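# Observations on the three-dimensional arrangement
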Amino acid sequence: GITHFNPVQTQVFHALFQRDHSVLVGAPTGSGKTVLAELAIFRCLFTGDRRRTAVYLAPLKALVRERMQDWGDRMG
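Described below are features of the structure shown in this document. Values in this document were obtained by computation on a predicted structure and should not be read as measured data.

Right, let's get into the side chain of Arg67. Note on placement: Arg67 falls in helix α3 (residues 61–75). Among the residues examined, Arg67 registers a relative accessible area of 14% and is labelled buried. Not counting the four nearest positions on each side in its chain, Arg67 is found in contact with Thr34, Glu38, Tyr56 and Arg74.

Okay, here's the thing in structure tokens:
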């Protein structure tokens, strides 16, 4: 349960959720990048435009698998 965004998330929120631009987020470990990726995915899902794409990159396949499993469980 997130109650508020941290400083990194606050700075990036508008670019991710309210604008139609590509965004690359580079920030330290533990800075909330995964939550930002989820915001980008939600934006793609909620617009209804099937041409929109969100890409999630991680340095290890295991991290990608973990996210895919978690997002599949939570988002269907």
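Moving on to the packing of helix α2 (residues 33–47) against α3. At a closest axis distance of 13 Å, the pairing of α2 and α3 adopts a crossing angle of 45°. Between α2 and α3, the interaxial angle falls into the category oblique. You can see that α2 and α3 cross each other, and the crossing is right-handed. Across the interface between the two elements, Thr34, Ala37, Glu38, Ile41, Phe42 and Leu45 of α2 pack against Arg67, Asp70, Trp71, Arg74 and Met75 of α3. When grouped by side-chain class, the residues that make up the contact of α2 with α3 number 6 nonpolar, 1 polar and 4 charged.

With that settled, consider the packing of aromatic side chains. Overall, the coordinates contain 3 aromatic pairs when judged by the stated rule. Seen in terms of ring centroids, Phe5 and Phe13 are 5.6 Å apart; in terms of plane orientation they differ by 35°. Their pairing is tilted. By relative accessible area, which is 22% here, Phe13 ends up partly exposed.

This part takes up helix α1 (residues 7–17). Within α1, the full set of buried residues consists of Gln9, Val12 and Leu16. The buried residues of α1 occupy one face: seen down the axis, they fall within an arc of 85°. Exposed and facing more than 90 degrees away from the buried side of α1 are Pro7 and Gln11. Structurally, α1 contributes buried residues whose contacts are with α2. One side-chain oxygen of the residue at the start of α1 lies 3.0 Å from the amide nitrogen of Val8, identifying that residue as Asn6.

What counts and what doesn't
Residues numbered from 1 in each chain as written. Predicted model: local features only at pLDDT ≥ 70, side-chain atom pairs only at ≥ 80, totals over all residues. Heavy atoms only, no water. Helix = DSSP H or I, 4+ residues; strand = E, 2+ residues; numbered from the N terminus. Buried < 20%, exposed > 50% of the residue type's maximum accessible area, 1.4 Å probe, protein only. Contact = heavy atoms within 4.5 Å. Axes fitted to C-alpha atoms, helices over the stretch in contact; angles between N-to-C directions. Parallel < 35°, antiparallel > 145°, perpendicular 65-115°, else oblique. Left-handed = near helix turned anticlockwise from the far one by under 90°. Nonpolar A, V, L, I, M, F, W, Y, C, P; charged D, E, K, R; others polar. Phe/Tyr/Trp six-rings, centres within 6.5 Å; stacked < 30°, edge-to-face > 60°. Arc of directions from axis to C-beta. Polar contact = N/O pair within 3.5 Å; in protein donor to acceptor, adjacent residues only side chain to side chain.

Note that every value here comes from positions in space, so none of it alone points to a role or purpose.
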